[in-house]
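# Tertiary structure, described
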Amino acid sequence: MNKRKVIIDCDPGIDDTLAIMVALSSNELDVKALTIVSGNVHVNKGFKNALQALKIMGRLDIPIYIGDGKPLERELVVAEDTHGVDGIGENFLKDIKDGIVKKGAVNYIIDILNKEKDVSIIALGPLTNLAEVLKKSPNTFNKIVEIVSMGGTFKSHGNCSPVAEFNYWVDPHSVKYIMKNSQVPFHMVGLDVTRECVLTPNYIELLNQLNDEKADFIVKITRFYVDFHWKQEKILGCVINDPLAVLYFINRSLCKGFSAYMDVVTEGIAIGQTVIDSENFYKFKANCNVLTSVDSNMFMKEFLTRILPHKKNEINIILNNKKYSG
Ligand code: RIB
Ligand code: CA
């Protein structure tokens with residue numbers, strides 16, 4: 001099988017950690033590196049959580065490159081209320097001493113794009129690192145095959161303001177810069193589709209029953225995130241946004257959407273809002289593939305069975321039982 005080369009740019013982050021787990025469980029992907037951006041937590045915490053994800057997957061051979069840590073123009077606002085002060089559910093896991101951790105995410109991305117062909121980027125956090133690559137080396141940036149970005153929202157309400165999704169709210173200037181200057185195909189995996197991807201109490205209890213190290217790790221790191229979802233939105237379970245970006249990258253049939261011109265608000269009450277010209281009022285060239293629907297059952301099946309292939313039978317019993325699978 002020809003594996004697709006990817007860099008996962010992320011701000012781990014509980015759902016980022018789950019996304020890294022599913023990416024490393026997928027034979028279709030050749031994950032070249034994890035690059036860390038500030039978002040859920042500052043990069044100085046994010047890289048430690050990235051190491052935890054690599055460790056549980058037995059892939060500490062994959063290098064981690066740390067980004068500069070601050071949005072292009074805004075001051076950094078983190079989401080420790082959602083992901084915990086440690087960024088991984090306040091489990092305060094023991095630091096992992098081995099692994100390959102370096103600074104210079106932006107230069108790494110430029111180097112690998114110049115050295116290797118057919119590299120794509122799965123972006124799970126604010127787009128700061130990518131915008132900095134585009135500013136520094138636009139011709140190199142445009143060698144990226146495609147970008148699949150978890151971020152933004154079309155019709156769904158915001159999660160950090162009435163209208164804005166967190167990744168694009170943290171660093172709206174980066175999104176704007178990329179939308180205005182990039183020639184790379186861009187897929188926006190926004191809240192319209194990720195809100196359908198809920199790790200419900202039933203699935204969490206299934207994981208509890210599987211007697212499996214990876215399943216136990218998922219339960220452990222999502223507990224804090226589940227409590228936040230109940231407090232914040234009276235949701236039982238937790239929305240796992242980032243794994244959808246990975247699974248959509250692998251299997252486009254998971255989601256449907258449309259191409260349109262997208263821009264983002266960079267100041268004022270609506271800062272971070274994605275403005276998507278679905279009716280083509282502005283007559284600008286479409287620059288974004290906006291995803292609007294997802295097969296959430298297929299998503300959950302892919303998510304669970306890829307990470308836990310040896311538990312496929314037990315997982316399918318629950319997924320195929322309407323009582324549990326919604
Ligand atoms: O709005 C959800 C996104 O913001 C997810 O990627 C989450 O990890 C945070 O980065
Ligand atoms: Ca993220």
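Source: prediction; values computed, not measured.

Summarising the element assignment, Asn-40 is placed in the loop between β2 (29-36) and α2 (43-56). Side-chain polar atoms of Asn-40 contact the side chain of His-83, separated by 3.0 Å. Not counting residues up to four positions away in its chain, the partners in contact with Asn-40 are Asp-11, Gly-13, Asp-15, Asp-16, Val-78, Ala-79, Glu-80, His-83 and Phe-166.

If you trace the ten strands from one edge of the open sheet to the other, you get β4-β3-β2-β1-β5-β6-β7-β12-β10-β11, paired in mixed fashion. One side of each edge strand has no neighbouring strand; the edge strands of this open sheet are β4 (101-103) and β11 (274-277). Strand-to-strand twist in this sheet, taken as the mean axis angle between neighbours without regard to direction, amounts to 30°. In the sheet, strand β10 (residues 255-264) pairs with β11 via four bridges, with the strands oriented antiparallel. Residue pairing across strands places Met-262 opposite Ile-276, the latter belonging to β11. On the sheet, helix α1 (residues 14-24) packs against β1 (4-10) and β2 and is oriented at approximately 155° with respect to β2.

So, on to the side chain of Arg-74. Residue position: Arg-74 is located in the loop between β3 (64-66) and α3 (80-83). No salt bridge is formed by the buried Arg-74, whose closest oppositely charged neighbour, Asp-171, lies at an N-O distance of 7.7 Å. At a separation of 2.5 Å, a polar atom in the side chain of Arg-74 contacts the main-chain carbonyl oxygen of Trp-169. Residues within four places of Arg-74 in sequence aside, it is in contact with Trp-169, Val-170, Pro-172, His-173 and Ile-271.

Glancing now at the packing of aromatic side chains. Going through the model one piece at a time under the given rule, you end up with six aromatic pairs. Ring centres of Tyr-261 and Phe-284 lie 4.7 Å apart, and the angle between their planes is 70°; this geometry places the pair in the edge-to-face category. Highlighted residues: Tyr-261 in strand β10 and Phe-284 in the loop between β11 and β12 (288-294), separated in sequence by 23 residues. Ring geometry for Phe-299 against Phe-303: centres 6.0 Å apart, planes inclined by 10°, an arrangement best described as stacked. Of this pair, Phe-299 and Phe-303 both sit in helix α13 (residues 296-307), four residues apart, which is roughly one turn of that helix.

Looking now at the coordination of the calcium ion (ligand 2). Looking at the calcium ion (ligand 2), the protein donor atoms are Asp-11 (OD), Asp-16 (OD), Asp-16 (OD), Leu-124 (O) and Asp-242 (OD), and they sit 2.2 to 2.6 Å from it. Each donor residue of the calcium ion (ligand 2) belongs to the same chain, and together they define the spacing D-x4-D-x107-L-x117-D. Taken together, the positions of Asp-16 in helix α1 and Leu-124 in the loop between β5 (119-123) and α5 (128-136) put the pair 108 residues apart, joining distant regions of the chain. Overall, the relative accessible area of 0% leaves Asp-16 in the buried class. For Leu-124, a relative accessible area of 1% puts it in the buried group.

Rules used in this analysis
Residues numbered from 1 in each chain as written. Chains lettered and ligands numbered in written order. Predicted model: local features only at pLDDT ≥ 70, side-chain atom pairs only at ≥ 80, totals over all residues. Heavy atoms only, no water. Helix = DSSP H or I, 4+ residues; strand = E, 2+ residues; numbered from the N terminus. Polar contact = N/O pair within 3.5 Å; in protein donor to acceptor, adjacent residues only side chain to side chain. Contact = heavy atoms within 4.5 Å. Pairing = 2+ DSSP bridges. Axes fitted to C-alpha atoms, helices over the stretch in contact; angles between N-to-C directions. Buried < 20%, exposed > 50% of the residue type's maximum accessible area, 1.4 Å probe, protein only. Lys, Arg positive; Asp, Glu negative; His and termini not counted. Salt bridge = Lys/Arg side-chain N within 4 Å of Asp/Glu carboxyl O. Phe/Tyr/Trp six-rings, centres within 6.5 Å; stacked < 30°, edge-to-face > 60°. Donors = N, O, S within 2.8 Å, 3.2 Å for Na, K, Ca; no water.

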